[in-house]
Structures are given as C-alpha cells and as structure tokens.
Amino acid sequence: MNPVLLLAAAETASVSPFMTGLFAFVLACFVGYHVIWNVTPALHTPLMSVTNAISAIILVGCILVCGNEASPLSARVLAFVGLVVASINVFGGFLVTQRMLAMYKRKG
Amino acid sequence: MNLHPDLFALAYLIASVCFILGLKGLSSPATARRGNQMAIAGMVLAVGVTLAHPTVAFANLAWVLGGLALGAIIGVPVALKVRMTAMPELVAILHSFVGLAAVLVGIGTFQLHRAHGDAIGTVQTIEVFVGVFIGAITFTGSVVAFGKLSGRLGSAPVVFSGQHALNLALAVLMIGLGVAFSVTLNTAWLYAMTAVALILGITLIIPIGGADMPVIVSMLNSYSGWAASATGFMLNNNLLIVTGALVGSSGAILSYIMCRAMNRSFLHVILGGFGGDEAAAAATATGKTTKAAAVEDAVFMLANAAKVIIVPGYGMAVAQAQHAVRDLTDLLQGKGVDVRFAIHPVAGRMPGHMNVLLAEADIPYDIVYELDEINNEFPGTDVCLVIGANDVVNPAAKTDKTSPIYGMPILDASKARLVYCVKRSMKPGYAGVENELYYADNCMMIFGDAKAVCERLAGALRD
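Quick caveat, the model's predicted, so the values are computed rather than measured. (Residues numbered from 1 in each chain as written. Chains lettered and ligands numbered in written order. Predicted model: local features only at pLDDT ≥ 70, side-chain atom pairs only at ≥ 80, totals over all residues. Heavy atoms only, no water.)

Considering the overall build of chain B
Basically, it comes down to this: For helices the rule is a DSSP run of H or I covering at least 4 residues; for strands it is a run of E covering at least 2, with both sets numbered from the N terminus onward. Each residue is assigned to one of three classes by its accessible area relative to the maximum for its type, calculated with a 1.4 Å probe on protein chains only: buried under 20%, partly exposed between the two thresholds, exposed over 50%. Note on contacts: a residue pair qualifies if any of its non-hydrogen atoms lie within 4.5 Å across the two residues. Under this rule, positive means Lys or Arg and negative means Asp or Glu; His and the chain ends count for nothing. All charge positions are set by atom: Lys at NZ, Arg at CZ, Asp at CG, Glu at CD.
Looking only at helices and strands, chain B has 18 helices and six strands in total. Along the first, second and third principal axes, the C-alpha set of chain B runs to 80 × 50 × 35 Å. Taking all 463 residues of chain B together, the buried fraction comes to 57%. Contacts in chain B between residues at least 24 apart in sequence constitute 79% of all its contacts with a sequence separation of at least 6. Between the centroid of the 27 positive side chains of chain B and the centroid of its 29 negative side chains there is a distance of 1 Å.

Here is the structure:
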C-alpha cells in the first residue's frame, strides 16, 4: 500500500469537504500507526518533540485567519496570539529535536 | 498572487509527505537527523506557501511575519538552553501551545465566517466545537502537567470525593453547550463551552500522580495532534488533518507503550489517584536484612568481570550522575570489560527519556539496549550495577501476585551473578512497594548519592 498515492487519491475526490477530510484523516491514522511502531524506543523523546513541532502546523490555520482581510479585528488578534505560540512550537520543537539527535553517537 | 488552488493542495501534499518521511527517519539514530530536517523542510514549504495564499492580504503580512518572528525569538533560546532532564516539562508546555492555538483559531474562524456572512452549516459548527474543546482540554491539561513535572505544583495526585462525578458532569455540560451553540449559532454558547472545557482540562489531570506522568505527557501529545486535525476539518485543510492524525496516532501509541510497561490500563491511569504519598507510606519494613558493600569490593568485582550490565533509573538523573557513569563505563571498557546498559521503558519521566540522558553524557547508543533486547542476557552477566532504579528491577512483579506491580515487565537484574544497587536509602520507589531484590543472596547495597558513588567507583578504578 503506497500511502502517498492514497493521499493523492483523497485530494482529488470530489465529494463534500468533510468526507474528503475524513478520507485523508482515516488513511493518515493508518500511515501514522505503521510509521510510529517503526520508531526505535531509543528515540521516543525526540519523536515526541518532533511531533510536537509538526503539530504546530496549526500555524497554517492561524496565518489564514490572521492574514484574511475579511477577519474582524477580534478574530485577527486571537489568530495572532495563536500564531505566536504555534511559532514558538515550530522553532523550539525542531531546534530541541535537532539538539537531542546530535547527541546520539556510535561507539568510537 | 493568483495561483491555482490545486497548487496549494499540491504543496500541502508534499509537506504531508515530508512529515511522514521525517517520522520514518526516526526508525534509527543514523537516519534521524535527516528525518528531522525533512520535517523542517515540510514546515517551511507549508508556511511559505500559505503566506502566498490569495486570502492572506498583503497588508496583513507584517502581522503574520511579526508573529512568526516573535515565536522564533521566544522559542530558539528556550530550545538551546533547556536541560535534558527538563525535556518532559518543555514538551508539556509546548503541547499546551498547540491546544491554545487550536482554541484561538477555532473561535477566530467562526468570527470570520460570521463577519463574512458565510452560510454556516451544522457540520461546520460541530467542527468548530470539536476543535475548540479538544484544544481547550489540551491547553489547560498540559499546563497542569507542566506544573507537576516542573515541581511548580505538587506531583502528588489531588483526589477528592465526587471527582469522577464532577468530571462527568463537566463533560456533559460541555457537550450540551456545544450542541446549543451548533443549533443557535450564538457565540455566547461557544464561549461558555470553551470555559467549561478549560476547567475540564484541569480537573482531568490533577488526580494523576507523578509516576503516571509518562503516560499523561504521551496522551497530551496525542490530544495536540487531534486538536490540529479538528482544526483542519474546520478549515477544510487536508494538511492539518493528515499531520494531526500522524501526531495523534504517535501519542496514542506512546501512551499504550507506557501503560504496557507499567502493566496499567489506560483507563486506570486517567482515573488517577496512583503514586501518591499514602502509597509510599504503606510500605513497611519486613524484618529482612540487606548486605551493604564497600566501594572497594564493588570495584574489584567490576574490574574482574567479563560482562557488566548497568541499569540506570531516574534516581541517576536526579543525582546528575550521568557523566560519572560515563567515566566509569570508559574505565571498565579500558580494562576489557563488556559494559552494556539496560533501559526499562519507564526509566525516565517520558518515553525514551533515559536514552537521551545517556546520549547527552556521550554514552554511545549502540551499547544501550531496550528491555526486550537485553533481558535474556542477565543470566550470563557477572555484575549488574543498578543505579537509582527500583520498581523496574523488582522480582515481586513476577513472583508476588499480591504486589501492586505484579505483571509489570521488569529487567531481570536478579539473575545476574552479582548485583550491586546504588541507592540513597531503603525508601521504596514510586509504586511504594518493597524491593525483594535488595534482600536476595546475590545482591549488595551501596548506600549513597548516585553521583558520589559513581565518582568513587571511577576514582578507585583509576588507581
């Protein structure tokens, strides 16, 4: 099963946005299940920090609301605060992961 | 810019693939750094493309870029300075940020649709409701977990009668308010629902004790993913949906692994009340005696051993003994001793924590083994050195059906020819049970601070 092809299929399905999303969601859960069980237990802490960084992808949502001209000021302010905290996650999460992974060395 | 919507979808698809490949890279330390870089590339692509999205007004770009820069200014120094022992706290507070962002973007999106005069269907309002409530629980729950892990709040469980009834009532109220919001589209219900969800996040996490924190941190990791997914549904953005699902399944699997390592059911953990002071006080002396060993004797046995396994526990990290342990390892290896480390899944305070702490002390990862990999090796081992670990080497988990830790997978340290346990005192571990290993014929105690003892062991080996 090639997850990439399946996700691509999900992108082109022409049904309601909710169903398209559900399609991608369920398949991604399966992909996640298989990929995560393959992560070596020695790297479970970096796994958490990197998943933390990528869950800050919610940043994209914050940008779309904060940057939208139609957004009322209140919505823009809320999204801006969300943008700042999610951005802390992106920078902090990836950097601390890189720092940890650099510590893992082989013998000699 | 007027790019075709499919181009954005394509870029988001590529970013999703980058994240999947990034996680795949973590299957081995050799490919892990490339994996992280792949995930960074995905994030840069996703954010970069979003900045060019037609709905993002050029005039507002300054705000967006300013917000990103502010996040970098706060996040970068923290990531550079944080001590590895403090990783669980950092991860907990970062989870709370994802939750908070989900709440804010959820409410913001609804206000945007309102102001824009969009037709809002029941599906959309339910999406907003779900995104906001998962985000709110993740936010306050993670803040409480951060407080407990960093010692700002007591780590003992906060238990009171009617607690589960209260949580249930809050959950019912939250759903009721959510339904009221979906039906009436009145934002007052949305705000009320958010407030209840924020309280629920606190009341759900306070009864959970320090010993169960590895499960809770993993669980909140999972929630932060589901929150991102729910936001994706709300914004019809498949990138958020897919990424959230990846993170959600990751956290769920880690929670499962941690529960299995402690032989506890997930439900039992989240109902809380385990690992408190009362439990620790319940352990009583049984009149059995232990044997204390002198450092010189231990050094003699270690230096003349062919195979040594070191079992580190969180006590080692608390005493900051990692570097002294590394020195000891180097000296023993210099004498031709085969030294390996055995790691129990719950040795640290979050999944894989002990491996990071050892890596930080420059202990090569190829002499560090997981429970399943090394457990058969104890019988052929001359000396097992247990440093600051307790429950994870307690044979009662296999032999004593009445023990609270019965059934928990343990490291078979007791099967080594000789076991030295470095320990401050005879105080029991997290689970509050006596450790039968200490009374075994082949076990000797070395009392003292883990760092001081390891330094003395290393010092004596040098001479």
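Considering unusual backbone geometry
All names here are of chain B. The phi angle at Leu185 is positive, at roughly 60°, despite the residue not being glycine. Counting through the fold element by element, Leu185 comes out in the loop between helix H6 (163-184) and helix H7 (187-205). A positive phi angle is found at Asn236, which is not glycine, with a value near 50°. Its location among the elements puts Asn236 in the loop between helix H8 (213-235) and helix H9 (238-262).

Some details on the layout of surface pockets
Gaps left between atoms are located by rolling a probe of water-molecule size over the structure's atoms. Put simply, the rule reads: Lining residues are defined by having an atom within 4 Å of a point belonging to a cavity or pocket. Those points lie on a 1 Å grid over the protein atoms alone, cavities being sets where a 1.4 Å probe fits but cannot get out and pockets being open sets with protein on both sides within 12 Å along at least five of seven lines. Grid points are joined across faces, edges and corners, and a volume is the space filled by probe spheres set on the points. Any residue that is not Ala, Val, Leu, Ile, Met, Phe, Trp, Tyr, Cys, Pro, Asp, Glu, Lys or Arg is counted as polar, Gly included; the first ten are nonpolar and the last four charged. Just so you know, the domain bounds were taken from an automatic or database domain assignment.
For the second largest pocket, the calculated volume is near 750 Å³. Looking at the lining of the second largest pocket, the elements that each hand over two or more residues are helix H2 (17-37) and helix H4 (58-66) of chain A together with helix H1 (5-25), helix H4 (87-116), H8 and H9 of chain B. For the lining of the second largest pocket, the class distribution of residues is 17 nonpolar, 13 polar and two charged. Viewed by domain, the lining of the second largest pocket spans two of them, domain 1 (1-81) and domain 2 (84-275) of chain B, each represented by three or more residues.

Observations regarding the domain arrangement of chain B
Residue and element names in this part refer to chain B. Applied cut-off: We define buried area as the total accessible area lost by two parts upon association, computed with a 1.4 Å probe and summed across both. Salt bridges are counted wherever a side-chain nitrogen of Lys or Arg sits within 4 Å of a carboxyl oxygen of Asp or Glu. Here a polar contact means two N or O atoms within 3.5 Å. Within protein one must be a hydrogen donor candidate and the other an acceptor candidate, and residues neighboring in sequence count only if both atoms are side-chain atoms.
Entries for chain B in the domain assignment read domain 1 (1-81), domain 2 (84-275) and domain 3 (295-462). On a C-alpha basis, the centres of domain 1 and domain 2 stand 24 Å from each other. With eight residues of domain 1 in contact, the opposing surface of domain 2 contributes six residues. In terms of surface lost to domain 2, no three residues of domain 1 exceed Tyr12, Ser16 and Phe19, which account for 56% of the buried area on that side. Summed over the shared surface of domain 1 and domain 2, the result is zero salt bridges. Linking domain 1 with domain 2 are zero residue pairs in polar contact (both at pLDDT 80 or more), by the criterion used here. The element best represented in the side of domain 1 that touches domain 2 is H1, accounting for six residues.

Points about a nonpolar patch on the surface
Test applied: Patch building starts from residues that exceed 30% relative accessible area and form no salt bridge, then joins like charges within 9 Å and nonpolar side chains (Val, Leu, Ile, Met, Phe, Trp, Tyr) within 5 Å. Areas reported here follow the Shrake-Rupley algorithm with a probe of radius 1.4 Å; residue values treat only the protein chains shown as occluding.
Where nonpolar side chains cluster on the molecular surface, the patch consists of A:Val15, A:Phe18, A:Met19 and B:Val123 and spans about 330 Å² of accessible area. Mapped onto the elements of the fold, B:Val123 is located in helix H5 (residues 122-149). In this structure B:Val123 comes out as partly exposed when scored by relative accessible area, which is 43%.

A short note on the packing of aromatic side chains
What counts here: When the centres of two rings from Phe, Tyr and Trp lie within 6.5 Å, Trp using its six-membered ring, the rings pair. Their planes under 30 degrees apart give stacked, over 60 give edge-to-face, and anything left gives tilted.
Inspection of every chain in the model, using the stated rule, returns nine aromatic pairs over all chains. Measuring from centroid to centroid gives 5.5 Å for B:Phe129 and B:Phe133, while their planes differ by 40°, and the two rings are tilted. One end of the pair is B:Phe129 and the other is B:Phe133, both in helix H5 and four residues apart, which spans about a single turn. Look at B:Phe129 and you get buried, because its relative accessible area is 8%. Through a chain of ring-to-ring contacts, three or more aromatic side chains come together here, namely A:Phe18, A:Phe25, B:Trp226 and B:Phe233.

Focus on the sheet that holds strand S2 (residues 338-343) of chain B
All names here are of chain B. Formally: Only strands joined by at least two bridges in the DSSP assignment are considered to pair. The axes are straight lines fitted to the C-alpha atoms, using for helices just the contacting stretch, and the angles between their N-to-C directions are given from 0 to 180°.
Taking strand neighbours across the sheet as the criterion, the six strands line up as S3-S2-S1-S4-S5-S6 in an open arrangement whose pairing is parallel. Every other strand in the sheet has two partners, leaving strand S3 (368-370) and strand S6 (443-447) as the edge strands with one partner each. Taking the axes of each pair of neighbouring strands and ignoring which way they run, one obtains an average angle of 25° across the sheet. With three bridges connecting them, S2 and S3 associate as parallel partners. Bridging across to S3, Ile343 finds its partner in Glu370.

Regarding the interface of chain B and chain A
With 108 residues of chain B at the interface, the matching set in chain A holds 86 residues. For the pair chain B and chain A, the summed buried area comes to about 8700 Å², and 77% of that belongs to carbon and sulfur atoms. At the surface where chain B touches chain A, the tally comes to two salt bridges. Its salt-bridge partner being B:Asp362, residue A:Lys105 comes within 3.5 Å of it at the nearest N-O pair.

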